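# Coordinates in review
Next come the chains, spelled out residue by residue.
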Amino acid sequence: QVQLVESGGGLVQAGGSLRLSCAASGRTFSTHMGWFRQAPGKEREFVATISWNGVVTNYADSVQGRFTISRDNAKNTVNLEMNRLTPEDTAVYYCATGPGPNWRRYDNYNNWGRGTQVTVSS
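Being a predicted model, the structure only gives us computed values, none of them experimental.

Glancing now at the state of the cysteines. Joining two cysteines, a disulfide is a covalent bond between their sulfur atoms. One pass over the structure, following the stated rule, counts 1 disulfide. Between the sulfur atoms of Cys22 and its disulfide partner Cys95 the distance amounts to 2.0 Å. On the sign convention where negative means left-handed, the S-S torsion of about 60 degrees between Cys22 and Cys95 marks this disulfide as right-handed. Of this pair, Cys22 sits in strand 3 (residues 18-25) while Cys95 sits in strand 9 (residues 91-97), and the two are 73 residues apart along the sequence. Cys22 gets classed as buried once you look at its relative accessible area, which sits at 0%.

Pasting the structure below:
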């Protein structure tokens, strides 16, 4: 099983940027990866996903055009570049792997990191 550790969260003002990273270790990293987020009192929601080779990406409508997911399989990392952040982006961000096939659904993932907190002030 792949172990996942997120980093890069923090406090940023609205309009700012953050870059999250997910470091993977374990048996294999060549797998589809997803980023999700969960705000207090809300369900975990899909943010972005990337195919094993980085060719196919998909984004939630709420982050399309502001966030960019990428991966470096040589370094076993998946990154989430977040720009033009708003207070609505405040949440704990998780990276995950799983069997799919619906990569936009959190219940299609079975391996999660512990998350990193992102807080956007107005």
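This model, assessed by the stated rule, comprises 5 salt bridges. Between Arg37 and Glu45 there is a salt bridge whose closest N-O contact spans 2.6 Å. On the accessibility criterion, Arg37 (5% relative accessible area) is buried. The class of Glu45 is partly exposed, set by a relative accessible area of 35%. One salt bridge connects Asp107 with Arg105, and the closest N-O pair in it is separated by 2.7 Å. Each of the salt bridges in this network shares a partner with another, and the network as a whole consists of Arg37, Glu45, Arg66 and Asp89.

Side chains of a nonpolar character, in soluble globular proteins, are inclined to be buried together. Residues Trp35, Val47, Phe67, Ile69, Leu80, Met82 and Tyr93 are the most contacted members of the largest nonpolar core, which totals 31 residues. Listing elements by their share of this core, those giving two or more residues are strand 3, strand 4 (33-38), strand 5 (45-50), strand 7 (67-72), strand 8 (77-82), strand 9 and strand 11 (116-121). If we ignore the near neighbours within four places in the chain, the residues touching Tyr93 are Glu6, Leu20, Trp35, Phe36, Arg37, Val47, Phe67, Leu80, Met82, Gly115, Thr116 and Val118.

Moving on to the environment of Leu18. For Leu18, the position within the fold is in strand 3. Placed 72 residues apart in sequence, Leu18 and Thr90 show a C-alpha to C-alpha distance of 12 Å.

A few words on unusual backbone geometry. The omega torsion of the bond from Gly100 to Pro101 falls at 5 degrees, within 30 degrees of zero and hence cis. Among the secondary structure elements, Pro101 is positioned in the loop between strand 9 and strand 10 (111-112). Residue Arg84 is not a glycine yet carries a positive backbone phi of 50 degrees. With respect to the element layout, Arg84 can be found in the loop between strand 8 and strand 9.

With that settled, the discussion passes to the pairing of strand 1 (residues 3-7). Residues Leu4 and Glu6 point to one face of strand 1 and are all buried, whereas Gln3, Val5 and Ser7, pointing to the other face, are not buried. Of the pairings in the sheet, the one linking strand 1 to strand 3 comprises 5 bridges and is antiparallel in character. Bridging from a neighbouring strand, Val5 pairs with Ala23 of strand 3.

Attention shifts here to the sheet that holds strand 7. Strands sit in the order 1-3-8-7 across an open sheet of 4 strands; the sheet is antiparallel. Strand pairing shows two members of the sheet lacking a second neighbour, strand 1 and strand 7, which therefore form its edges. Averaged over all pairs of adjacent strands, the angle between their axes in this sheet comes to 15 degrees, without regard to strand direction. The pairing of strand 7 with strand 8 spans 6 bridges and is antiparallel. Bridging across to strand 8, Asp72 finds its partner in Thr77.

Rules and cut-offs
Residues numbered from 1 in each chain as written. Predicted model: local features only at pLDDT ≥ 70, side-chain atom pairs only at ≥ 80, totals over all residues. Heavy atoms only, no water. Disulfide = S-S within 2.5 Å. Helix = DSSP H or I, 4+ residues; strand = E, 2+ residues; numbered from the N terminus. Buried < 20%, exposed > 50% of the residue type's maximum accessible area, 1.4 Å probe, protein only. Salt bridge = Lys/Arg side-chain N within 4 Å of Asp/Glu carboxyl O. Core = buried A, V, L, I, M, F, W, Y, C linked by side-chain atoms within 4.5 Å. Contact = heavy atoms within 4.5 Å. Pairing = 2+ DSSP bridges. Axes fitted to C-alpha atoms, helices over the stretch in contact; angles between N-to-C directions.

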